[in-house]
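Summary of the model geometry
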Amino acid sequence: MKSLLWLVLALAAIVNVASSFAFGGVEQILVSSVTGLTAIAAATALYLTRDRRTA
């Protein structure tokens, strides 16, 4: 599960950066918004599934 989340996070970041070169205007805004929300969701899921260590 974590491997898949890391893959989704990495792909979302790559596509988000690449969209600024490949698209313009409204298309770039839409692609960046979707990939940004995907990255936030994947990062949140990774945070919630982390191993909790006691001090």
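Here the structure is a predicted model, which means the values were calculated and not measured.

**Some words on the packing of aromatic side chains**
All chains considered together, the criterion is met by zero aromatic pairs. Across from the ring centre of Y47, 4.0 Å away, lies the NZ or CZ of R50, which sits over that ring.

**Here's the deal with the packing of helix α1 (residues 2–22) against helix α2 (residues 26–48)**
The N-to-C vectors of α1 and α2 enclose an angle of 155°; their axes lie 8 Å apart at closest approach. Between α1 and α2, the angle falls in the class roughly antiparallel. When you trace α1 past α2, the crossing you get is left-handed. From α1, K2, L5, W6, V8, L9, A12, V15, N16, S19 and S20 reach across to α2, where they touch Q28, V31, S32, T35, G36, T38, A39, A42, A43, A45 and L46. Among the residues forming the contact of α1 with α2, the class breakdown is twelve nonpolar, eight polar and one charged.

**Observations concerning the pattern of salt bridges**
What the rule picks out here adds up to one salt bridge. With a closest N to O distance of 3.8 Å, K2 and D51 form a salt bridge. Within this pair, whereas K2 is found in helix α1, its partner D51 is found in the segment after α2, the two being separated by 49 residues in sequence. For D51, a relative accessible area of 62% gives the class exposed.

**Side note on the environment of Y47**
With respect to the secondary-structure elements, Y47 resides in helix α2. For Y47, a relative accessible area of 51% translates into the label exposed. Taking the C-alpha atoms as reference, Y47 lies 15 Å from L37; in sequence the two are ten residues apart.

Thresholds, definitions, all that
- Residues numbered from 1 in each chain as written.
- Predicted model: local features only at pLDDT ≥ 70, side-chain atom pairs only at ≥ 80, totals over all residues.
- Heavy atoms only, no water.
- Phe/Tyr/Trp six-rings, centres within 6.5 Å; stacked < 30°, edge-to-face > 60°.
- Lys NZ or Arg CZ within 6 Å of the ring centre and 35° of its normal.
- Axes fitted to C-alpha atoms, helices over the stretch in contact; angles between N-to-C directions.
- Helix = DSSP H or I, 4+ residues; strand = E, 2+ residues; numbered from the N terminus.
- Parallel < 35°, antiparallel > 145°, perpendicular 65-115°, else oblique.
- Left-handed = near helix turned anticlockwise from the far one by under 90°.
- Contact = heavy atoms within 4.5 Å.
- Nonpolar A, V, L, I, M, F, W, Y, C, P; charged D, E, K, R; others polar.
- Salt bridge = Lys/Arg side-chain N within 4 Å of Asp/Glu carboxyl O.
- Buried < 20%, exposed > 50% of the residue type's maximum accessible area, 1.4 Å probe, protein only.

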